[in-house]
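Reading the structure
Spelled out, the chains give:
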Amino acid sequence: MQERLEKQDSAIFIAYHQQQACGFVQLYFSFSSLSISPTIILNDLYIPVSHRQKGIATQLMQYVKKICP
């Protein structure tokens, strides 16, 4: 994971609640030869059981939709 981040092949966005990490989403950057354009692959979305059903995953997904072209 560290290597992907260092090479900027991946990005991780972490959600916080009261200064405690409560979930993350990981994106990988690729290129689609079919559409001849860059593509972003959502590889991981994780929310610990203790923070589920609180809308955190929804907020992370809304953020990703907003920043991705």
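Going by the structure above, here's the rest.
Residues numbered from 1 in each chain as written. Predicted model: local features only at pLDDT ≥ 70, side-chain atom pairs only at ≥ 80, totals over all residues. Heavy atoms only, no water.

As for the side chain of His-51
Checked against the element boundaries, His-51 lands in the loop between strand 3 (37-46) and helix 2 (56-67). With relative accessibility at 10%, the residue His-51 sits in the buried group. Within the local environment of His-51, its side chain forms a polar contact with the side chain of Ser-50, the two groups lying 3.1 Å apart. Those residues in contact with His-51 that lie beyond four places of it in its chain are Gln-20, Cys-22 and Ile-56. (Helix = DSSP H or I, 4+ residues; strand = E, 2+ residues; numbered from the N terminus. Buried < 20%, exposed > 50% of the residue type's maximum accessible area, 1.4 Å probe, protein only. Polar contact = N/O pair within 3.5 Å; in protein donor to acceptor, adjacent residues only side chain to side chain. Contact = heavy atoms within 4.5 Å.)

Things to note about the side chain of Ser-10
Here Ser-10 shows up in strand 1 (residues 10-17). Engagement of the side chain of Ser-10 in a polar contact is seen with the side chain of Gln-26, the distance being 2.9 Å. In terms of polar contacts, Ser-10 uses its side chain to reach the backbone carbonyl oxygen of Leu-27, at 3.0 Å. In this structure, Ser-10 is in contact with Arg-4, Leu-5, Gln-26, Leu-27, Tyr-28 and Phe-29, ignoring residues within four places of it in sequence.

Some remarks on unusual backbone geometry
If you check the backbone angles, Gln-19 has positive phi at about 65 degrees while not being a glycine. The residue Gln-19 is located in the loop between strand 1 and strand 2 (20-32) in this model. Using a relative accessible area of 81% as the deciding quantity, one classes Gln-19 as exposed. Despite not being glycine, Ile-36 shows a phi value in the positive range, around 50 degrees.

Quick word on the nonpolar core
Judged by nonpolar contacts, Ala-15, Cys-22, Val-25, Leu-27, Ile-47, Ile-56, Leu-60 and Val-64 together constitute the single largest core of eight residues. Those elements that place two or more of their residues in this core are strand 2 and helix 2. Contact partners of Ile-56, with chain neighbours within four places excluded, come to Ala-15, Cys-22, Ile-47 and His-51. (Core = buried A, V, L, I, M, F, W, Y, C linked by side-chain atoms within 4.5 Å.)

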